[in-house]
Amino acid sequence: MSESSAKFVDATRLLMGLQQVSSLVQQFGDCREPEEMVRRATDGLVEAFDCAFARIWLMEPDGQFLRLVASSGLYTRLDGSFARVPLGAFKVGKIAQNRIPFLSNNLANEAWVKDRDWAIANQITGFAGYPLAIGDRVIGVLAVFSHRPLSPEFLEVLQSLCTTLAVMINAGLRQRQEERAIAALRSGSPTPLLSEQIAQWLPPTRLSLVGTERVLSPAIACLFLRLAEVLHGLSCTYCRLSYEPHQVILEAMIAPPSFAAHCLQDWSEEAFGEFPLAAACLRGTLQLLPNLSQNVLQVVLQLPDAGAAAGPAVRVVCTRAIGAACPDATGCPGWTLRRSIYKSGRWRRSAAPY
């Protein structure tokens, strides 16, 4: 290949790679568990692209470490020195931290390689790493090691795979969390306090707790947790949870991305568009208070705590699922939920749809 033609994308090679990824993705159709998804992905990469080995790390809940969850090919064990990789450490940690894909065909001479002799002895030449991301939130990293040089188009192939894989893994993890939460409610087992659950979503954030914490209804707690999940993806820098006599308030400060500086109001309404209706259904409010001069957005979710002071009966009608606000209503559009939760400690469906 001449020097001039090498500058262009090899369309044939790219098309073939994308077709192989398409076949690989179809194998995920019956997968529900994230561990099974990532195992099939690494197995498929080794088989389809003749890789030496392929690995996937997923982000731990604290957001500070990546945990090795799948390894196929030359190495299949999930323990060892790379079983947990700190965010920002080695190349895998850097890819997760900076969200920048990377490819090298000179692995042994890369400065970040921990054991150069190992790469030479095992004839590992090529390396490619790609972040698994949902929007601005990285949930893991995929890495491929090869005995042969990898083409630049291989990163485009990995992008196609990682985009689909990240969505499926994220959906699987969320479903697992919802199932565990519902099972805990049904079994009557003690549920962690709201501040403890929010801290799992916002570990780097300075979370403050004001007032005496008390157990909230599932609907109210789930809406606060959904907001914490969104704030996590937006790099929240400050969060305060306040318990007042008849209401609970979550206040947060975020620094919007630079491109939103000139349209902060529109960006904030789009980022938090699911919450005003959900809050209104629970007789609460969501306030978005942009500070244009400092490019800071203050988010305030205020919900009444009916368990502290029961008021008149209210009926919430869900014509469709409202995010995670009403876990028992998910998939049951049109059912009426009554405020019996505040008296009996659980939601009760009415005898007939509204």
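The structure we're discussing is the one just above.
What counts and how
- Throughout this description, residue numbers start from 1 for each chain and increase along the sequence as written.
- Residue-level local features of this predicted model are given only where pLDDT is at least 70; pairs of side-chain atoms are given and counted only at 80 or more, and the full residue set underlies all totals for whole chains, interfaces and linings.
- Hydrogens are left out, water is left out, and the side-chain values use all remaining heavy atoms of the structure.
- DSSP calls a pair of strands paired once it identifies at least 2 bridges connecting them.
- Put simply, DSSP H or I for four residues or longer makes a helix, DSSP E for two residues or longer makes a strand, and each gets a number counted from the N terminus.
- Lines fitted to C-alpha atoms define the axes here, with helix axes fitted over just the stretch in contact, and angles between the N-to-C directions of these axes take values from 0 to 180 degrees.
- Between two residues, a contact is recorded if the distance between any of their heavy atoms is within 4.5 Å.
- Think of it like this: strands point away, you trace from the first strand over the helix to the second, and a clockwise trace means the crossover is right-handed.
- Here, a salt bridge means any Lys or Arg side-chain nitrogen found within 4 Å of an Asp or Glu carboxyl oxygen.
- Relative accessibility thresholds used throughout: buried, under 20% of the residue-type maximum; exposed, over 50%; partly exposed, between the two (1.4 Å probe, protein chains only).
- Only buried residues count toward a nonpolar core. Its members are Ala, Val, Leu, Ile, Met, Phe, Trp, Tyr and Cys residues joined through side-chain atoms within 4.5 Å.
- Between 30 and 60 degrees the pair is tilted, below 30 it is stacked and above 60 it is edge-to-face, where a pair is any two Phe, Tyr or Trp rings, Trp via its six-membered ring, whose centres lie within 6.5 Å.
- To sit over a ring, a charge needs its Lys NZ or Arg CZ within 6 Å of the ring centre and within 35 degrees of the ring normal.

**Let's talk about the sheet that holds strand β11 (residues 296-304)**
Link 1 in the chain: On the basis of which strands lie adjacent, the open sheet formed by 5 strands has the order β7-β8-β9-β11-β10 and mixed pairing. In this open sheet, the two strands that pair with only one neighbour each are β7 (206-210) and β10 (285-291). On average, adjacent strands in this sheet sit at an angle of 10° to one another, irrespective of strand direction.
Link 2 in the chain: Seen against the sheet, helix α7 (residues 218-233) touches β8 (236-244), β9 (247-254) and β11 and runs at an angle of roughly 170° to β11.

**With respect to the pairing of β8**
Link 1 in the chain: Bridge count between β7 and β8: 5 bridges; the pairing is parallel. Bridge pairing links L207 to C239 in β8.
Link 2 in the chain: Following the backbone out of β7, through α7 and into the adjacent parallel β8, one traces a crossover that is left-handed.
Link 3 in the chain: Across 8 bridges, β8 lies against β9 in antiparallel orientation. Bridging across to β9, C236 finds its partner in I254.

**Details of the pattern of salt bridges**
Pairing between side chains of opposite charge can happen when the charged atoms of each approach one another.
Link 1 in the chain: This structure, assessed with the given rule, holds 13 salt bridges.
Link 2 in the chain: We note a salt bridge from D50 to R148, for which the minimum N-O separation is 3.4 Å. Taken together, the positions of D50 in the loop between α2 (34-49) and β1 (53-59) and R148 in the loop between β6 (137-146) and α5 (153-187) put the pair 98 residues apart, joining distant regions of the chain.
Link 3 in the chain: Judged by its relative accessible area of 48%, D50 falls in the partly exposed class.

**Let's talk about the nonpolar core**
Link 1 in the chain: L194, F224 and F272 are the most contacted members of the largest nonpolar core, which has 38 residues in total.
Link 2 in the chain: Listing elements by their share of this core, those giving two or more residues are α6 (194-201), α7, β8, β9, α8 (264-271), α9 (275-281), β10 and β11.
Link 3 in the chain: Ranked by residue count, the leading element in this core is α7, at 10 residues.
Link 4 in the chain: Not counting residues within four places of it along the chain, the set of residues in contact with L194 comprises E213, L216, A221, F224, L225, L241 and Y243.

**Describing the environment of W112**
Link 1 in the chain: Looking at where W112 falls in the secondary structure, it is placed in the loop between β4 (102-104) and α4 (116-121).
Link 2 in the chain: Residue W112 is classed as partly exposed on the basis of its relative accessible area, which comes to 24%.
Link 3 in the chain: Once you skip the residues sitting within four places of it in the chain, W112 turns out to touch F90, K91, F102, L107 and F127.

**Comments concerning the sheet that holds strand β3 (residues 84-86)**
Link 1 in the chain: Ordered in space as β3-β2-β1-β6-β5-β4, the 6 strands form an open sheet in which the pairing is antiparallel. A strand with exactly one partner marks an edge of an open sheet, and here the two such strands are β3 and β4. The mean inter-strand angle of the sheet, taken between neighbouring strand axes irrespective of direction, is 20°.
Link 2 in the chain: Against the sheet, α2 contacts β1, β2 (65-73) and β6, and its axis sits at roughly 45° relative to β2.

**Thoughts on the packing of aromatic side chains**
Link 1 in the chain: Here the structure, examined in full by the defined rule, presents 12 aromatic pairs.
Link 2 in the chain: Aromatic rings pair up to connect F53, Y75, F102, W112, W118, F127 and F145 into one cluster.
Link 3 in the chain: Seen from the ring of F65, R84 lies directly overhead, with NZ or CZ sitting 4.1 Å from the centre.
Link 4 in the chain: A cation over an aromatic ring shows up here: K91 above the ring of F102, its NZ or CZ 4.1 Å from the ring centre.

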